[in-house]
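For reference, the chains in residue letters:
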Amino acid sequence: MTVAKHAAVVGSGASGFYAVEALLSGFPGIAVDMFERLPTPYGLVRSGVAPDHPKLKQVTLVFDKIMQSERFKFFGNVTVGQDISVDALLGAYDIVILAYGASTDRKMGIPGEGLDNSHSATEFVGWYNGHPDFRDCAFDLNQEVAVVVGHGNVAADVSRILLRPVDELRRTDIAAHALEVLAESKVREVHLVGRRGPAQAKFTTRELRGLGSIRDCAAAVHGDAIVVGSACETELAAPSNLNALRNMEFFRGLCGRGSDRQARRLVFHFCLNPERLEGEGRVENFIFRSNTLKGKPFEQSTVATDELRSIACGLVFGSIGYRGQPIEDVPFDARRGIVPNCRGRVERDGIAVDGLYVTGWLKRGPTGIIGTNRADSIETVQQIQRDLVHSELKSKHGREALAASLAQNRIDIVGLQDWLQIDSAERARGLGSGKPREKFTRITEMLDRVSLRHFPKAAASGSDDSARRQASVR
Ligand SMILES: Cc1cc2nc3c(=O)[nH]c(=O)nc-3n(C[C@H](O)[C@H](O)[C@H](O)COP(=O)(O)OP(=O)(O)OC[C@H]3O[C@@H](n4cnc5c(N)ncnc54)[C@H](O)[C@@H]3O)c2cc1C
Ligand SMILES: NC(=O)c1ccc[n+]([C@@H]2O[C@H](COP(=O)([O-])OP(=O)(O)OC[C@H]3O[C@@H](n4cnc5c(N)ncnc54)[C@H](OP(=O)(O)O)[C@@H]3O)[C@@H](O)[C@H]2O)c1
């Protein structure tokens, strides 16, 4: 077995950090460099997880510990595929693990989707979480009725943020620009629409119950009744499907409650396929087609009926899943939005690409919670270990081999110490308003906090501090 000395991980979300952890423990002596497009680490843990779920964000403490390893180096503000190619990484590192996630959204693909006030959940989530890509999005919350399409946890987050009393968000890390708009929101009613039935809804029960306990908000099921077929009953009886059973208990518990008089309302709809959006310039009506479910238990799909249903609304969010994006030099399965792989080893037309691996949402598609990525990254690193048993590694030079090309492109590298400066500045900004942090939402604001350097050769091999001393400061 040859010894891997240099590894690169592309992306600093959960899967990237778990890959680093597995590499550091699986390969004594290996040095791991992490390349991240933004100046800030943590991926969706920073820019996806809802601001009112602070406990879930504490996983960053685990990531921080990984970053403290002497064998680890952070290269923030470097977009792989643009600032540096994957081929260049493969030329420099024995192992390259792609962990750059699924950054874009799936579209409903219906007429009217482009009308004003029709958005994807991805935009809204990125906006309220202060992701720089979504800083300039605008949401017209002067509308009383919103429709959210999709019955997954992201749709639950979006609905909760729209309906939750804004005072309960003030002491979270929600972006200031979003808080300001939400404070003036006129949204009073959210319709949460799924294309399949209550037994197939993908909410985790915890998230669902959270929707049922929003202050001053009545939750209801459209039609006030739940009827499911025998295939659904079989699904619900399966011991492995406990989450669905609990969800069903929740939905049934909403029926027959009468009309609660609360300031806000959340209505669940089932078995409705998005058909079209109507309106003069902006969204006014959402037309759905009713469907029935057909097929064996756990394989049920929708069959359209002739019945159309319309919901008058002024605001729409499609929350039907995320999608991976191709980058140069990397094979890509456009249908599934993933990099084709066998247990994490990247394949081009069924043939392994030497040294190239993948993990996380880019490997398996956009599903799974933060913890799912740990097992996924361990699987990828175990595959690397198996592959190395029979391979002869050529001698590579790691980060030093990249210095020339990064310096040539004059990339402003954000190192670990730089990120720590941004981090403490954000925390300090939050203090006055009782927030855990006030995020910088523009990359220029983040870069202004640190003494940036381009990529001189010395910086490639030295510690962050020695790099800073030798840096060409802007
Ligand atoms: C809105 C939302 C809320 C969620 N809430 C929860 C929750 O409460 N609890 C929970 O357990 N799970 C939650 N999840 C799921 C969890 O966030 C994911 O399982 C996890 O983030 C996936 O990790 P990843 O590393 O594959 O991708 P990501 O977290 O997306 O990380 C990918 C990283 O790669 C970077 N990147 C992209 N392109 C490049 C490039 N070209 N070069 C360099 N870097 C690049 C990105 O900037 C990003 O930092 C949520 C997901 C979403 C979408
Ligand atoms: N608190 C948390 O733990 C948390 C919070 C947020 C996200 N997450 C995780 O992050 C992952 C992604 O969440 P997600 O909500 O984006 O995805 P998801 O769980 O896959 O849900 C997507 C929803 O969109 C529906 N859908 C897909 N295509 C559609 C179409 N063309 N028309 C109408 N509906 C369509 C799906 O219906 P079908 O079932 O019929 O396909 C499903 O209801 C999940 O694993 C989730 O658990 C976790």
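Higher on the page you've got the structure.
Everything numeric in this text was worked out from a predicted model, so none of it was measured. Here the residue numbering is sequential within each chain, running from 1 through the sequence in written order. To label them, take the chains in the order written and letter them from A, then take the ligands in the order written and number them from 1. pLDDT decides what is reported in this predicted model: residues at 70 or higher carry local features, side-chain atom pairs at 80 or more are listed and counted, and totals for whole chains, interfaces and linings draw on all residues regardless. Note that the side-chain values use all heavy atoms of the structure and ignore hydrogens as well as water.

### A closer look at the site of ligand 1
Next up, step 1: What makes a residue near a molecule or strand is one non-hydrogen atom of that residue sitting within 4 Å of it. The environment of ligand 1 is made up of 31 residues, and the closest members are Ser15, Glu36, Trp361, Gly368 and Ile370.
Next up, step 2: We define a polar contact as two N or O atoms separated by no more than 3.5 Å, with the added condition that, inside protein, one atom must be a possible hydrogen donor and the other a possible acceptor, whereas residues neighbouring each other in sequence contribute only through side-chain atom pairs. Arg37 places a polar main-chain atom, nitrogen or oxygen, 3.1 Å from a nitrogen atom of ligand 1.
Next up, step 3: Side-chain polar atom of Asn373 to an oxygen atom of ligand 1: 3.1 Å apart, as the coordinates give it.
Next up, step 4: Residue exposure ignores everything except the shown protein chains as possible cover, and the areas themselves are Shrake-Rupley values with a 1.4 Å probe. When ligand 1 sits alone it has 1000 Å² of accessible area, and the protein chains cover 91% of it.

### Concerning unusual backbone geometry
Next up, step 1: With a phi close to 55°, Cys271 is a non-glycine residue in the positive phi region.
Next up, step 2: As for its position among the elements, Cys271 is in the loop between β10 (264–269) and β11 (272–278).
Next up, step 3: Residue Cys271 is classed as buried on the basis of its relative accessible area of 18%.
Next up, step 4: In this structure, Phe298 is a non-glycine residue whose phi angle is positive, near 70°. The way it works is that DSSP assigns letters per residue, a run of H or I at least four long becomes a helix, a run of E at least two long becomes a strand, and they are numbered from the N terminus. Exposed residues in this analysis have more than 50% of their type's maximum accessible area, buried residues have under 20%, and partly exposed residues fall in between, with area computed by a 1.4 Å probe over protein chains only.

### Considerations on the pattern of salt bridges
Next up, step 1: Any Lys or Arg side-chain nitrogen found within 4 Å of a carboxyl oxygen on Asp or Glu counts as a salt bridge. All chains considered together, the criterion is met by 28 salt bridges.
Next up, step 2: The residue Arg374 makes a salt bridge to Glu21 at a minimum N-O spacing of 3.2 Å. Of this pair, Arg374 sits in helix α13 (residues 372–389) while Glu21 sits in helix α1 (residues 14–26), placing them 353 residues apart in sequence.
Next up, step 3: With its nearest N and O atoms 2.5 Å apart, the salt bridge here joins Lys363 to Asp376. Of the two residues, Lys363 sits in helix α12 (residues 361–364) while Asp376 sits in helix α13, which places them 13 residues apart along the sequence.
Next up, step 4: Looking at Asp376, the relative accessible area reads 9%, which means it is buried.
Next up, step 5: One continuous salt-bridge network, built from bridges that share partners, spans Asp52, Asp157, Arg160, Arg164, Glu168, Glu207, Arg215 and Asp216.

### Examining the site of ligand 2
Next up, step 1: As a structural note, the neighbourhood of ligand 2 is formed by 20 residues, with His151, Asn153, Arg195, Arg196 and Gly368 the closest of them.
Next up, step 2: In the model, an oxygen atom of ligand 2 is placed 2.9 Å from a nitrogen or oxygen of the His151 main chain.
Next up, step 3: Burial of ligand 2 by the protein chains amounts to 84% of its free accessible area of 930 Å².
Next up, step 4: Top element by residues in the shell around ligand 2 is helix α7 (residues 153–163). It accounts for 3 residues.

### Points about the sheet that holds strand β7 (residues 145–149)
Next up, step 1: With parallel pairing, 6 strands are arranged side by side in an open sheet as β6-β14-β7-β8-β10-β9. This sheet does not close on itself; its edge strands, each paired only once, are β6 (118–120) and β9 (217–221). Here the strands of the sheet are splayed against their neighbours by 20° on average, with no regard to which way each runs.
Next up, step 2: Pairing between strands is defined by DSSP: at least two bridges between the two strands are required. Bridge count between β7 and strand β14 (residues 315–318): 4 bridges; the pairing is parallel. Opposite Val148, over in β14, you have Phe317 as the bridge partner.
Next up, step 3: Any two residues whose heavy atoms approach within 4.5 Å at even a single point are treated as in contact. Helix axes are fitted only over the stretch in contact, all axes being lines through C-alpha atoms; the angle between N-to-C directions runs from 0 to 180 degrees. Along the sheet face, helix α9 (residues 205–212) touches β8 (189–193), β9 and β10 and points at about 140° away from the line of β10.

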